[in-house]
Each structure stands twice: as C-alpha cells, then as structure tokens.
Amino acid sequence: MKIAFVASPRPAAQRALEELSGRYGQAAAAEADFIVTLGGDGTALEALHDALTMPAKPVFAMRTDSSAGSLCNSLRTHGLTERLQAAFSMELPVLQAEIEQAGGHSRVLFGINEIVLVRQVFQQAKLNVAVDGKGDPTIINGDGLVLTTPLGSTGYNRSLGGPLLALGSSLLALTGIAIGRPPAWSPVVLSDRATLDVHVIEAAHRPVRIETVIETIPNICRARLFCSPDRTVTLLVDREAQSRICRPFGRSC
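Reading the values: the criteria
Residues numbered from 1 in each chain as written. Predicted model: local features only at pLDDT ≥ 70, side-chain atom pairs only at ≥ 80, totals over all residues. Heavy atoms only, no water. Helix = DSSP H or I, 4+ residues; strand = E, 2+ residues; numbered from the N terminus. Expected span 1.5 Å × (residues − 1). Buried < 20%, exposed > 50% of the residue type's maximum accessible area, 1.4 Å probe, protein only. Arc of directions from axis to C-beta. Contact = heavy atoms within 4.5 Å. Salt bridge = Lys/Arg side-chain N within 4 Å of Asp/Glu carboxyl O. Pairing = 2+ DSSP bridges. Right-handed = clockwise from strand over helix to strand, strands pointing away. Core = buried A, V, L, I, M, F, W, Y, C linked by side-chain atoms within 4.5 Å. 1 Å grid on protein atoms, 1.4 Å probe; cavity = no way out; pocket = protein on both sides within 12 Å on 5 of 7 lines; lining within 4 Å. Points joined across faces, edges and corners; volume = space filled by probe spheres on them. Nonpolar A, V, L, I, M, F, W, Y, C, P; charged D, E, K, R; others polar. Polar contact = N/O pair within 3.5 Å; in protein donor to acceptor, adjacent residues only side chain to side chain.

1. Considering helix α1 (residues 11-24)
Next, step 1: Under the 1.5 Å per step criterion, the end-to-end length of α1 is 20 Å for 14 residues, consistent within 8% with the ideal 20 Å.
Next, step 2: Taken together, the buried positions of α1 are Ala13, Ala16, Leu17 and Leu20. Buried residues of α1, viewed axially, fall in a sector of 110°; they line one side. Of the exposed residues in α1, those oriented more than 90 degrees away from the buried face are Pro11, Arg15, Glu18 and Gly22.
Next, step 3: Residues of α1 that are buried make contact with β1 (3-7), β2 (34-39), β3 (59-63) and α3 (80-86).
Next, step 4: The first or second residue beyond α1 is Gly25, which carries a positive phi of 85°.

The following block contains the structure:
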C-alpha cells in the first residue's frame, strides 16, 4: 500500500508527518493509493482539491491538536493501513464556476463545499441572477451569494440562515449575504442539476470577487455556477468520524 502524507505546517502536524512517513513510507501523491492529511479541515480540503487532477484518489484526513477538523478522523499513528482498508467512502460532489473577469479573461474554479461571490469594496454588490435561464432574472442588492453542497451546508451557509441539506442528497443551497433588495428574498434550495448564471451590474463601481477555501479571483463580470457533471472527490472516514460527521445532518450516512 502506497500512502502520500500531506501535513499542515503546524508543529504537531509536522511531528506526526515525521513519525508516520517513517513508519509507512512517503509516496508521491500521483503514485499513491491513498492521500492522508495531517492537520485540520483546511488541509483536508486542499488535498481534496488537489485530488481533482487525480481521479479516484481517496483522501483520509486526521486531525491534529488545536486544529478544527469536522471532516477529520482521529489522529493515531498505529494501525493506519487497517483503518484505510476499513474506512467508509464518501463520494462528494464538486461545484464548478466558469468565470469572466474584467478585461475579458476567462477562468474556471472548483469548490468542494461552497463557492462564494462577495463584494470587494464598501459598496454593496448588484447582481443579476438567473436559474436555468428560466423566467425573469432576479436583481439582488447585497454583500453576495453562497452556493453550497450538502457537505458545506452546515458551515458558512448555515451561519447565514441557509438551509441544512441532507448529506448525500442531490441538492444545492443558494444563500444570500446581507441581502437588502429584494427585502423578501430568502435562501433557495436547488437541484444539483441546476445552472446559476450571475451577471455583476456596474462591475467597475461595485466590484465582486469569487472565492473558495483554496482560491480567490477578483473583479468578476459574469459567472456560471453548477455541479460538475464529471468530477467528484472521495473522502474516507472511519466509524467514529462517520457518526460525528453525520450527526449535524440528523441522519446516518
């Protein structure tokens, strides 16, 4: 079994990296059977993003002390190969954004838990929002929007008053950030087959950036967001972590 260890720069993670790589070896990620992260959710999400270029490369995250790790398994240096072989596999959807920046530059961005469009300056963003190209678009004034997968629905989305999505469901949540107009606007639950088109109105005066936990792209003019039809990532969790991850969703995995 080949394992690629990826560690946070924090001392506890680096100590665990030294011990684990000495015990199990250290393979290059592209050649490994498993990627094991040491740190917290940030390190795990970075590895999941990297795994997008390595299809079917599973990630097993372990949380070190002082790190937030809602996606992570407990850190133990013994019995790792047995834990990897017995772990439950969670296939996670991937959000995709096709972006046009000021000046006509085009970019593509991916998000595992959420993609956020947010104002860059004091002026509120003014966004023209359409779902699946149907009906009249909605003009929104506010600080921004968050498109969230089920896994991400317990995080930033939830703190904004967004809906909790059942883990494993074919749903996405679109939640506003300090929406001023229309005053009756509320979070929306969408099919994971929906396409969200966003046009930034007065982009030069009301600039908007787009963010994931990995990447930020400023000065967005347009963005098309959807659930990628041909990309997923795999998170491995042991029995203990499986129960903890599923608990906020009120169901078992």
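Once you've had a look at it, read on.
2. Quick look at the pattern of salt bridges
Next, step 1: Counting across every chain of the model gives eight salt bridges.
Next, step 2: Arg107 is paired through a salt bridge with Glu215; the nearest N and O atoms lie 2.6 Å apart. Taken together, the positions of Arg107 in strand β6 (residues 106-111) and Glu215 in the loop between β14 (208-211) and β15 (216-217) put the pair 108 residues apart, joining distant regions of the chain.
Next, step 3: Accessibility expressed as a relative area gives 33% for Arg107, which makes it partly exposed.
Next, step 4: Judged by its relative accessible area of 30%, Glu215 falls in the partly exposed class.

3. Considering the pairing of β1
Next, step 1: Pairing analysis gives five bridges linking β1 to β2, with the strands arranged parallel. In the strand pairing of β2, Ala4 is matched with Ile35.
Next, step 2: In this view, the connection linking β1 to its parallel neighbour β2 by way of α1 has left-handed handedness.

4. Notes on the nonpolar core
Next, step 1: Core analysis: the biggest nonpolar cluster contains 27 residues, and Leu127, Ile210 and Leu225 have the highest contact counts within it.
Next, step 2: At the level of elements, β5 (88-101), β7 (114-119), β8 (125-131), β10 (144-148), β11 (171-177), β13 (195-200), β14 and β16 (220-237) are the ones that each hand at least two residues to this core.
Next, step 3: Dropping the residues within four chain positions of it, Leu225 is found in contact with Gln96, Ala97, Ile115, Leu117, Leu147, Ala194, Thr195 and Leu196.
Next, step 4: If you look at the next biggest cluster of nonpolar residues, it comprises 24 residues, including Ala27, Ala51, Leu52 and Leu167.

5. Thoughts on the layout of surface pockets
Next, step 1: In this model, the largest pocket occupies a volume close to 410 Å³.
Next, step 2: Along its surface, the largest pocket is lined by 24 residues, and Glu91, Leu92, Pro93, Gly168 and Ser169 are the ones closest to its centre.
Next, step 3: Mapped onto the lining of the largest pocket, the elements with two or more residues apiece are β5, β11 and β16.
Next, step 4: Looking at the lining of the largest pocket, the element that brings in the most residues is β5, giving seven residues.
Next, step 5: Its residues assigned to classes, the lining of the largest pocket comprises 13 nonpolar, six polar and five charged.

6. Topic: the sheet that holds β10
Next, step 1: The strand order β12-β11-β10-β7-β14-β15 describes an open sheet built from six strands, whose pairing is antiparallel. With partners counted over all chains shown, the strands left at the sheet margins are β12 (188-191) and β15, one partner each.
Next, step 2: Here β7 pairs with β10 via five bridges, running antiparallel. In the strand pairing of β10, Val118 is matched with Gly144.

7. Brief notes about helix α2 (residues 41-50)
Next, step 1: Of all 10 residues that make up α2, seven are buried, and the element is covered over most of its length.
Next, step 2: Of the positions making up α2, those classed as buried are Asp41, Thr43, Ala44, Leu45, Ala47, Leu48 and His49.
Next, step 3: On its buried face, α2 is in contact with β1, β2, β3, β5, β6 and β16.

8. Some remarks on the side chain of Asn73
Next, step 1: Tracing the chain through its elements places Asn73 in strand β4 (residues 73-74).
Next, step 2: Residue classification places Asn73 among the buried residues on the basis of a relative accessible area of 1%.
Next, step 3: Within the structure, the side chain of Asn73 is placed 2.8 Å from the backbone nitrogen of Asp238, a separation counted as a polar contact.
Next, step 4: Not counting the four nearest positions on each side in its chain, Asn73 is found in contact with Phe60, Ala61, Met62, Arg63, Arg83, Leu236, Val237, Asp238, Ala241 and Arg244.

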